[in-house]
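One letter stands for each residue in the lines below.
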Amino acid sequence: MKKRSAQYKRFTRSRFGNFVYFLFLIAAGLFTVLPLVYSVVTSFKPLDELLAFPPRFFVVRPNWKNYTALPDLLSNLEVPFIRYVFNQLFVTFAVVGLQLIVSVMAAFVLCQVKNKVTKALFLIIQFALLYNGTTLAVPQYLIYCNIGIIDTYWVYILPGLASTMGIFLIKQNMEASIPPVLIEAARIDGAGVWRIFTSIVLPLSKPALLTWTLFSFQNAWAIQSGNSIFSESLKTLPSVMGSITSSGISRSGSAMAVTVLMMIPPILVYLITQSNVLETMSHAGIKD
Amino acid sequence: MKFLQRRPSVERKKNRNGFLFCLPWCIGFLLFFFIPLIQSIAFSFSKVSVTTSGFELDFVGLENYYYILFQSPEYVDNLLDTLTTFGQQIPIIFVLSLIIAMILNSKFKGRTFFRSLYFIPVIIATGVVMRYLSGSVALQSMQGSAGDLETAYTGTMVNFQQFFEQMGIPESVSSMVFRYVNDIFNLIWQCGVHIILFISGLQAIPQSLYEVSKVEGATKWEEFWFVTIPCLGNTIVLVIVYSVIEFCVSTGNAVIQQAYTVLQKQQIYHISAAMLWLYFLIVACMIGLIFYLFNRLCLKKWQ
């Protein structure tokens, strides 16, 4: 600690330098939050302010109209709105749960067993991080057809099995936070694979698990049916919200209100998992 | 399975159990990633026609690639466009995140707050919110070109263009500055993960090195170039590769957009597949080149 404080003193030697640093930080920080602030502010603007020219950043006469108009907009849907909410929650939790279990189990193996097969698998995972979903859209649709899951909840859930990002994150974190000696000791004490997994590996990789929960939640929250769901009763919130956001200038206020509402759950999850996330992401840089 | 037999039986049992753990993921990966991947490569080398019984593939060799390179009007332009944006953005992002990381790595009150602040875009940019933001007024007005009526009504958030005009700066200069200023949102929003990676890299540098350089009488500037940068070697490679990947996979860039349009609107699957595969090939080559050059020129010298 002493060394650190010495360095700190050197760093803060010049008041002016400090000031410049801090100014830079705040400026960059402003740019990061400005879009968020702007969308919140805009969601409170009445229509004439939304269309004002030249546009203003801040709202002069804030009101709740954009929000109170939402129930009206959502009341004449084909399927009751609550159904979409249910779909959204169900799909999100199913996807997050499945991805979490599958990824942590695979990461456990990749971390503990070192041979040619696991090395090759890890290499494949790293390459797979490179690809964009668009490439696979059509062949994936064919596969959905072949196994007959088109127009069911499975279309949302099963592709989550193929996630690679989670395995990568969790594995990197395991390498750094679980000493091999610990596993060895447990094995000598007679613990089986399952026992080791549940009482050593899982608790120790909690930060990585929380981080992956966050990322997987982001993606699951944004899942849209695409072309594989036809019945309205199986669609998720983004498709309903999408119909509001794309319905023209006069609704741009409500569109912004919807955006703000949809933003809340991911940010809440982030606030809960925040400290773990930063820790885990720093492990992502460790070369194995 | 030779490698399994050579080991003692406990080890073998462990391995067998291990692959059971891996199984769900492997099935999912094969079914929803690997097989589609192979299929899309096959698409790119053939002509896909939709019949009543499903898809029909006729092998045509490199014809699709020939088409997109020499006959398709926009593909090459889009490709070059993407690569130039990439060349402009990556260095800026790199420097910006290194500076922010170095500031955040020093001790001061509220640095945890700032760290999580800079990470927020990562959370938002990956999820549903970004889709709305980019589809709705906020980002359009930030990125939109000025003078366009469409953008005029959505409203520029901070109207830099007007600001410059009022200050009497000639339009050619102001429009250039304007472009970069507009990009700042874009750029800073992409820094989140890089900052975290850099911070962890910086923390791994042993403090004793700095003490030695101080004793030897190095200035801060020399210290930065001869201690910090060489020690960050691996992190730098990682950050560059990460930015390349992030940039290339993002749905915002022109090539992916074009391929997506061809796929969704015109439904010409083989062209779209060929477009994406050629693009990925170029990206993979670029990453390989970066790795090679960096290893050759920098890492060896530094270590």
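Conventions we followed
- Residues numbered from 1 in each chain as written.
- Chains lettered and ligands numbered in written order.
- Predicted model: local features only at pLDDT ≥ 70, side-chain atom pairs only at ≥ 80, totals over all residues.
- Helix = DSSP H or I, 4+ residues; strand = E, 2+ residues; numbered from the N terminus.
- Buried ≥ 20, exposed ≤ 12 C-beta atoms within 10 Å, placed from the backbone.
- Contact = placed C-beta atoms within 7 Å.
- Domains from an automatic or database assignment.
- Axes fitted to C-alpha atoms, helices over the stretch in contact; angles between N-to-C directions.
- Parallel < 35°, antiparallel > 145°, perpendicular 65-115°, else oblique.
- Left-handed = near helix turned anticlockwise from the far one by under 90°.
- Nonpolar A, V, L, I, M, F, W, Y, C, P; charged D, E, K, R; others polar.
- pLDDT = per-residue confidence, 0-100.
- Core = buried A, V, L, I, M, F, W, Y, C linked by C-beta atoms within 7 Å.

### Digging into the overall build of chain A
What chain A contains, in helices and strands, is 14 helices and zero strands. Listing the helices and strands of chain A from first to last along the sequence gives α-α-α-α-α-α-α-α-α-α-α-α-α-α. Across the 288 residues in chain A, those meeting the buried criterion constitute 40%. Expressed as a percentage of contacts within chain A between residues at least 6 apart in sequence, the contacts between residues at least 24 apart total 77%.

### A few points about the overall build of chain B
Secondary structure assignment for chain B yields 16 helices and two strands. For chain B, the proportion of its 303 residues judged to be buried stands at 31%. Pairs at least 24 apart in sequence give 62% of the contacts found in chain B among residues at least 6 apart.

### Topic: the environment of Val269(A)
Residue and element names in this part refer to chain A. With respect to the secondary-structure elements, Val269 resides in helix H14 (residues 252-283). Expressed as a C-alpha distance, the spacing of Val269 and Gln218, which sit 51 residues apart in the sequence, is 9.0 Å. Every residue in contact with Val269, bar those within four places of it in the chain, is listed here: Leu214 and Phe217.

### Examining the domain arrangement of chain A
Considered domain by domain, chain A is made up of domain 1 (15-63) and domain 2 (81-283). Between domain 1 of chain A and domain 2 of chain A, the C-alpha centre-to-centre distance is 32 Å.

### A short note on the packing of helix H5 (residues 81-112) of chain A against helix H12 (residues 206-221) of chain A
Residues and elements named next belong to chain A. Taken N-terminus to C-terminus, the directions of H5 and H12 make an angle of 140 degrees; their axes are 9 Å apart at the nearest point. For the element pair H5 / H12, the angle class is oblique. In the crossing of H5 with H12, the sense of the turn from one axis to the other is right-handed. Two secondary-structure elements touch here, H5 through Val91, Thr92, Val95, Val96, Gln99, Leu100, Ser103 and Val104 and H12 through Leu209, Trp212, Thr213, Ser216, Phe217, Ala220 and Trp221. Looking at side-chain class alone, the contact of H5 with H12 contains 10 nonpolar, five polar and no charged residues.

### Some points on the confidence of the model for chain B
Residues and elements named next belong to chain B. Summing up the model confidence of chain B, the mean pLDDT is 72 and the portion of residues at 70 or higher is 69%. Taken together, the stretch residues 1-7 has pLDDT below 50 and engages in five contacts with residues farther than four places along the chain or on a different chain. This stretch, residues 135-158, has a pLDDT under 50; its non-local contacts, to residues over four places away or in other chains, come to 45 contacts. Interface scoring of the predicted complex returns ipTM 0.71; its pTM is 0.76.

### Thoughts on the domain arrangement of chain B
Residue and element names in this part refer to chain B. What the domain assignment lists for chain B is domain 1 (2-63) and domain 2 (72-302). Contact residues are listed per partner, giving seven residues for domain 1 and five residues for domain 2. Counting only elements with at least two residues in the side of domain 1 that touches domain 2, the list comes to helix H2 (9-44) and strand E1 (46-51). Top element by residues in the side of domain 1 that touches domain 2 is H2. It accounts for four residues.

### Here's the deal with the packing of H5(A) against helix H9 (residues 165-177) of chain A
Residue and element names in this part refer to chain A. Their axes nearest at 8 Å, the elements H5 and H9 cross at an angle of 45 degrees. When the axes of H5 and H9 are compared, the pair comes out oblique. Viewed along their axes, H5 and H9 form a crossing whose handedness is right-handed. Two secondary-structure elements touch here, H5 through Gln99, Ser103, Val104, Ala106, Ala107, Leu110 and Cys111 and H9 through Gly166, Ile167, Ile170, Lys171, Met174 and Glu175. Considering only residue class, the contact of H5 with H9 consists of eight nonpolar, three polar and two charged.

### Side note on unusual backbone geometry
Residue and element names in this part refer to chain A. A positive phi is found at Asp151, a non-glycine position, where the angle reads about 65 degrees. Position of Asp151 among the secondary structure elements: in the loop between helix H7 (133-146) and helix H8 (154-157). Taking the number of C-beta atoms within 10 Å as the measure of exposure, Asp151 has 14 and is therefore partly exposed.

### Quick look at the environment of Cys145(A)
Residue and element names in this part refer to chain A. Structurally, the position occupied by Cys145 is in helix H7. By the C-beta count within 10 Å, which is 12 here, Cys145 ends up exposed. Between the C-alpha atom of Cys145 and that of Phe81, which follows or precedes it by 64 residues, the distance is 28 Å.

### Observations regarding the nonpolar core
Ranked by internal contacts, the top residues of the largest apolar core, which has 113 residues, are Ala106(A), Ala107(A), Ile170(A), Ile195(B) and Met275(B). In terms of residue count, H5(A) provides more of this core than any other element does, 14 residues in total.

### Observations regarding the environment of Phe34(B)
With respect to the helices and strands, Phe34(B) occurs in helix H2. Between the C-alpha atoms of Phe34(B) and Ala259(B), which are 225 residues apart in sequence, the distance is 20 Å.

### As for the confidence of the model for chain A
All names here are of chain A. Predicted confidence across chain A gives a mean pLDDT of 78, with 85% of residues reaching 70 or more. For chain A, per-element mean pLDDT is lowest for helix H1 (residues 2-11), which scores 48, and highest for H5, which scores 88. Taken together, the stretch residues 1-6 has pLDDT below 50 and engages in two contacts with residues farther than four places along the chain or on a different chain.

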